[in-house]
Amino acid sequence: MTQQKKTSRHSYVTIRPIIIGAVNTIGIITLYQKEVQRFLKVGLQTLCAPVVTTMLFMLVFSVALGNRATPYDGVSFSEFLGPGLVMMAVLQNAFANTSSSFVIGKVQGNIVDILMPPLGPGELLTAMVCAGITRGVLVGCACAVTLIILGELGMPAVPLVAFIYLLLGSTALAFAGVLAGIWAKKFDSLAAITNFVIQPLAFLSGTFYSVHNLPAPFDVLASANPVFMVIDGFRYGMIGRSDTGLLQGVCILIVIDIILAITCFHILKSGYRLKS
């Protein structure tokens, strides 16, 4: 139903209500833009800092090991290390974006700004995860371009495979960030998850070594690490070499993403640690 509002000159302006369909597309886009603008406003911290960290890792390990470590024949250690460092930055930033958004809202007391708009749990989850993926992909592109310019990394050998693993990995960690942000009540709790779960999974994922160099049964355990699957698949997309099968990794990551999506949806729907 339209309404008329009387102005000071005794004329009327017709006010048409916004009709929201089955999916609140406008709300999803608006929340997505808000989250993207949130990390872009501090781009020096969210985009530039990971690039500097990646460069430092590359410099330290290249100087320390040089050509003494050659996981694959015909592939230098810098070429092997580069894709792992890029993907590690992607995963950490995708996780940080979604998790920090919820925790900041709780700490500052403005979490209601996310819960009050006419957004269902699926719409809220879509906007938050897409923003986390965007930050992860932007950081990954910035790190990759920098390494290519410096000559430490070549152009992608199989771009489609690299993109698929980039998308699957950032999606998984964005969902994980939602779960961590909902569970954590303050930054100390979130830091505990980052330091004792995310960081160990990232550093024990074949970023700095080939899992084939590990003794049994640690090589099997390392191969079961989802973060390893992401890094190994992305490494194949960049240099054309990997430690495991690509199709198996894609299938497992898709299943993980679906499980995390369903879990996040039901937790958001229940209002756990958000509405109480």
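See the structure shown above.
Residues numbered from 1 in each chain as written. Predicted model: local features only at pLDDT ≥ 70, side-chain atom pairs only at ≥ 80, totals over all residues. Heavy atoms only, no water.

A. Here's a closer look at the nonpolar core. Met 87, Phe 102 and Phe 234 are the most contacted members of the largest nonpolar core, which has 68 residues in total. Where this core is concerned, the elements lending two or more residues are α1 (25–40), α2 (43–65), α3 (77–108), α5 (121–149), α6 (159–183), α7 (187–203), α9 (226–239) and α10 (246–270). In terms of residue count, α3 provides more of this core than any other element does, 14 residues in total. Those residues within four positions of Met 87 in sequence are excluded, and the remaining contacts are Tyr 165, Leu 166, Val 230, Ile 231 and Phe 234. (Core = buried A, V, L, I, M, F, W, Y, C linked by side-chain atoms within 4.5 Å. Buried < 20%, exposed > 50% of the residue type's maximum accessible area, 1.4 Å probe, protein only. Helix = DSSP H or I, 4+ residues; strand = E, 2+ residues; numbered from the N terminus. Contact = heavy atoms within 4.5 Å.)

B. Molecular detail of a nonpolar patch on the surface. Judged by side-chain polarity, Val 52, Leu 56, Leu 59 and Val 63 come together as a nonpolar surface patch covering roughly 400 Å² of accessible area. Mapping Leu 56 onto the fold places it in helix α2. (Patch = residues over 30% accessible without salt bridge, like charges linked within 9 Å, V, L, I, M, F, W, Y side chains within 5 Å. Areas by Shrake-Rupley, 256 points an atom, 1.4 Å probe, with all protein chains shown as cover. Salt bridge = Lys/Arg side-chain N within 4 Å of Asp/Glu carboxyl O.)

C. Highlighting the side chain of Lys 106. With respect to the helices and strands, Lys 106 occurs in helix α3. Despite being buried, Lys 106 has no salt bridge partner; Glu 35 is the closest side chain of opposite charge, sitting 14 Å away. In this structure Lys 106 touches Ile 111, Gly 181, Ile 182, Trp 183, Ala 184, Lys 185, Arg 273 and Leu 274, once residues within four positions along its chain are discounted. (Lys, Arg positive; Asp, Glu negative; His and termini not counted.)

D. Seen up close, the pattern of salt bridges. This model, assessed by the stated rule, comprises two salt bridges. The partner of Lys 34 in a salt bridge is Glu 35, and the shortest N-O contact between them spans 3.1 Å. Look at Lys 34 and you get partly exposed, because its relative accessible area is 42%. Between Glu 35 and Arg 38 there is a salt bridge, with its nearest N and O atoms 3.2 Å apart. Of this pair, Glu 35 and Arg 38 are both found in helix α1, three residues apart, which corresponds to roughly one turn of the helix. In the salt-bridge network here, residues are joined through shared partners; they are Lys 34, Glu 35 and Arg 38.

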